[in-house]
Amino acid sequence: MPAPTTEFLFDLALIPADLRASLPPGLTLRPLASSDYARGHLSLLAHLTSAPDVGQSTWAARYADLERVNQAQLTYLPVVIVDDDTDSLVGQATVFLERKFLRDAGTVGHIEDVVVDPKMQGKKLGLKLLEVLTAVSEQCGAYKVRSPPLPRSTASELTLSFLTDDPRLRPEE
């Protein structure tokens, strides 16, 4: 059963509708929901690194921590891809927003924890997650996005910068 929008960690409207609609049929892209422990969130993360099952109550407590932070100031924006047939998570990535004193007190988006279920790899879902989080960061006013190292083929397909011509907003050398 799909998660109701009231369970989302942040407003679905921050994810551009055209990007949500650009996934293959049978997949849904949305914010992490408070019910996603049951959809295999930790099992999915285990494809990336050590993510032992801490149990539903510990997972829910961490989710509540992120929710409290976001209520004070939007900071954590994890997005997931759901396989509609199985109602399970098959992709996830997070961007967190760092507020800086630099660049006119600007914001930088940091992409972390990008993972796609091995059964779904080859469909460019990881690339889609990076594209979505870049757009979400831009919507939130970030002047740039930092991502984990990317294979050359992926990096050449995606520009992770949306800097303006303003010389104050050029990347650091």
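Above: the structure in question.
Residues numbered from 1 in each chain as written. Predicted model: local features only at pLDDT ≥ 70, side-chain atom pairs only at ≥ 80, totals over all residues. Heavy atoms only, no water.

Let us look at the packing of aromatic side chains. The tally for this structure, following the rule as stated, stands at 2 aromatic pairs. Between Tyr37 and Trp59 the ring centres are 6.1 Å apart and the planes differ by 50°, which places this aromatic pair in the tilted class. Highlighted residues: Tyr37 in the loop between strand 1 (27-31) and helix 2 (41-45) and Trp59 in helix 3 (residues 56-72), separated in sequence by 22 residues. Judged by relative accessible area, which is 7%, Trp59 ranks as buried. Geometrically, the ring pair formed by Trp59 and Tyr63 is stacked, given 5.6 Å between the ring centres and 20° between the ring planes. Residue Trp59 and its partner Tyr63 are located together in helix 3, separated by 4 residues, close to a single helical turn. For the pair shown, Trp59 and Tyr63 are each scored as buried. (Phe/Tyr/Trp six-rings, centres within 6.5 Å; stacked < 30°, edge-to-face > 60°. Helix = DSSP H or I, 4+ residues; strand = E, 2+ residues; numbered from the N terminus. Buried < 20%, exposed > 50% of the residue type's maximum accessible area, 1.4 Å probe, protein only.)

A word on helix 3. The end-to-end C-alpha separation of helix 3 is 24 Å, in line with the 24 Å expected for 17 residues at 1.5 Å each. All of the buried residues in helix 3 are Trp59, Tyr63, Leu66 and Asn70. Viewed end-on, helix 3 has its buried residues packed into an arc of 60°, placing them on one side of the element. Residues of helix 3 that are exposed and point over 90 degrees away from its buried face: Ser57, Arg68, Gln71 and Ala72. (Expected span 1.5 Å × (residues − 1). Arc of directions from axis to C-beta.)

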